[in-house]
Amino acid sequence: MPKANTDTRLDGAAKHFGAANIDIIRLDGAEKHFGAVRALGGVDFHVGAGECVGLVGHNGAGKSTLMHMVAGTLVPDSGAITVRGSAERDYSVPRALELGIRCVFQELSLCPNLSVAENTRINHPSLIGFGWRRKAAELIAAKLDEIFPDHGISASDIAGDLSIGRRQMVEVARAFTLTEDPLALVILDEPTSSLDAHTAGQLLAFVRRFVASGGSCILISHVLGEVLQNADRIVVMRDGKVVAADAASAFDRDRLVATMGGAEGHQRTAAETRKAEAGPLRVKARPARQQDGKELVARAGEIIGLAGLAGHGQTDLLLAIFAAAQRARTGIEVTAPVALVAGDRQSDGIFPQWSIAENIGIRSLARLRTGLLISPQREAELADFWKNKIGIRTPDMNNNIYSLSGGNQQKALFARALGSDAGIVLMDDPMRGVDIGTKLEVYDLVREEAGRGRTFLWYTTETEELDNCDHVYVFKNGRIVANLGRDELTEEKIIQSSFGDAA
Ligand SMILES: Nc1ncnc2c1ncn2[C@@H]1O[C@H](COP(=O)(O)OP(=O)(O)OP(=O)(O)O)[C@@H](O)[C@H]1O
């Protein structure tokens, strides 16, 4: 009976890593087409042992497609794959797993009806035999403790009951769990997208320890600072090609942005110059667990931030405000129609059977109607307007929503909310997976729309984004603990409020 390795120290993993100077995996001339879309146009890519490779590029550049090839989930149309110096003829998922190549993909993959321990078993076939559930529970708990010391997750928690941030933590810990199954390279496709700054820092510090012990990682992130600070080498993709690859020390943020394309010459000063002309009351809301008199107040034309550690009640309050717009709730006053940009697009945002255009139009049905029917022409006009406005990359807006890359799906959800007539837009960590160029465009758009009187309530795990807000409520344990004005906003101040007792 294979025995689970309960040694959670990183040097326990090192035995799998092998010779230091041979590439774990190498792709030469990898090409991939999806119908008319050329996702990869001849890409060379490799990862060495003990190396953290940062992979960056705009939404739809081809990063995930390339990673699916490394993981064996997609077969290239042409090109060669070499593993530890030997050519691979029939590279596949089982072969990748046999080589110790594991992945944490952008779209989270936990089975929602299974516990955290049971989900761990799914990825670790060697966890079998009598007592596997207990072993799986011990291993995942130990790995969570090691990576995220204050995680607050139990191995018996049902995955579907966890917040998206906690699900992301479980996915990451599961990929690094040591069992009899080999571990050499972990692909991390936007692993911090739902984590707050504190938790993201814990993960990135762990990645550095893992790499120092001989493991390898591929780190994909749209938060360029994370890649610059934690990768050894950075590969930049643009339109299905590698356009630069160099030591991380050879890049800075500006060179990365310029190489990726799309955000050149953007004015980052606009946020500071905007002054809100606050109008009539739009939202007044007291979190269900609030015991003192604090409440969230938002007026027409304001951009209000919600901050603090992830899962401390920010999403709950946004959802309560959303619900209150349909049906009165005590403690919440809403005075205009509401639209929501969901952060957890898989569960809450996307209609998977529908086209991109239909997904955008659903919040604007009244406007799209001629008589009783939806006018295809009006729907197409709305979709095309947003395709151009925020650059949704697709040859046809009638394609299924899932033909879009992750970041482009998120852009479609933005278009749905901003294209609607809602006077209040609730945004639940909405920039998940959106590239830097588009983010800057969307920030401008949000400020422009606020200037026209729209109100934005914006929960974000990216502290930098709070610069766009007029003021920010910090949450802790389901309550508002601080209300910080624009001039008081610093990461330290937010973290201090998130951990401290006082407001
Ligand atoms: N299953 C699919 N069907 C059709 N087109 C696809 C499919 N998967 C990917 N594509 C297309 O391939 C291109 C590359 O997508 P990919 O997901 O690799 O981009 P990405 O760099 O990972 O983007 P993001 O940063 O948004 O995650 C995109 O144009 C996308 O629309």
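Residue numbering note: each chain is counted from 1, following its sequence as written. Given that this is a predicted model, residues contribute local features only at a pLDDT of at least 70 and side-chain atom pairs are listed and counted only at 80 or more, while totals for whole chains, interfaces and linings are drawn from all residues.

**Things to note about the overall build of the chain**
Quick reminder of the rule: Runs of E in the DSSP output that reach at least two residues are strands. Runs of H or I that reach at least four are helices, and both are numbered from the N terminus. The globule rule used for comparison is 2.2 Å times the number of residues to the exponent 0.38, while the radius of gyration itself is calculated over C-alpha atoms. The burial criterion counts other C-beta atoms lying within 10 Å of a residue's C-beta, which is placed from the backbone; the residue is buried at 20 or more, exposed at 12 or fewer, and partly exposed between these limits. Once C-beta atoms are placed from the backbone, any two residues with those atoms within 7 Å are in contact.
Along the chain, the regular secondary structure elements total 18 helices and 21 strands. The C-alpha radius of gyration of the chain comes to 23 Å, within 12% of the 23 Å expected for a compact globule of 503 residues. Oriented by its inertia axes, the alpha-carbon framework of the chain measures out at about 65 × 50 × 45 Å. For the chain, the proportion of its 503 residues judged to be buried stands at 49%. For the chain, long-range pairs separated by at least 24 residues make up 71% of all intrachain contacts whose partners lie at least 6 apart in sequence.

**A closer look at helix 6 (residues 164-176)**
Quick note on the threshold: For a helix, the expected span equals 1.5 Å multiplied by the residue count minus one.
The end-to-end C-alpha distance of helix 6 is 19 Å, a good match for the 18 Å that 13 residues give at a rise of 1.5 Å each. Residues of helix 6 that are buried include every one of Ile164, Gly165, Arg166, Arg167, Gln168, Met169, Val170, Glu171, Val172, Ala173, Arg174 and Phe176, and no others. Along its buried surface, helix 6 packs onto strand 6 (101-104), helix 4 (116-123), helix 5 (132-147), strand 7 (185-189) and helix 7 (197-212).

**Quick look at the pairing of strand 15 (residues 338-341)**
Put simply, side chains in a regular strand alternate between the two faces of the sheet. Threshold: Only strands that DSSP links by at least two bridges are regarded as paired with each other.
The two faces of strand 15 match: Val338 and Leu340 on one face and Ala339 and Val341 on the other face are all buried. In this structure, strand 15 lies alongside strand 18 (residues 424-428), joined through four bridges in parallel fashion. Paired with Val338 across the two strands is Ile424, which belongs to strand 18.

**With respect to the packing of helix 4 against helix 5**
To characterise two packed helices, one gives the angle between the axes of the helices and the distance between these axes. In plain terms, the rule: Lines fitted to C-alpha atoms define the axes, with helix axes restricted to the stretch in contact, and inter-axis angles between N-to-C directions lie between 0 and 180 degrees. By the definition adopted for this analysis, an angle is roughly parallel if under 35 degrees, roughly antiparallel if over 145, roughly perpendicular if from 65 to 115, and oblique otherwise.
Between helix 4 and helix 5, the least distance of the axes is 8 Å, while the angle of their chain directions is 95 degrees. One element, helix 4, and the other, helix 5, form an angle in the roughly perpendicular class. Along the contact surface, helix 4 presents Val116, Ala117, Thr120 and Arg121, while helix 5 presents Trp132, Arg133, Ala136, Ala137, Leu139 and Ile140.

**Observations concerning the site of the ligand**
We apply this condition: In this analysis, residues qualify as near a molecule or strand once their C-beta atom, positioned from backbone atoms, comes within 6 Å of it. The classification used treats Ala, Val, Leu, Ile, Met, Phe, Trp, Tyr, Cys and Pro as nonpolar, Asp, Glu, Lys and Arg as charged, and all other residues, Gly among them, as polar. For the purposes of this description, domain bounds are those given by an automatic or database domain assignment.
In the region of the ligand, 22 residues are neighbours, and Phe34, Ala39, Ser64, Ser405 and Gly407 sit closest. Secondary structure elements with two or more residues in the shell around the ligand: strand 2 (37-48), helix 2 (63-71) and helix 16 (406-418). Split into classes, the residues belonging to the shell around the ligand amount to five nonpolar, 14 polar and three charged. Both domain 1 (13-111 + 182-260) and domain 2 (270-499) contribute no fewer than three residues apiece to the shell around the ligand.

**Section: the domain arrangement of the chain**
By the assigned domains, the chain splits into domain 1 (13-111 + 182-260) and domain 2 (270-499). Relative placement of domain 1 and domain 2: their C-alpha centres are 31 Å apart. Taken together, the contact between domain 1 and domain 2 spans 22 residues of the former and 24 residues of the latter. Looking at the side of domain 1 that touches domain 2, the element that brings in the most residues is helix 7, giving three residues. Residues that form the side of domain 1 that touches domain 2 fall into these classes: nine nonpolar, 10 polar and three charged.

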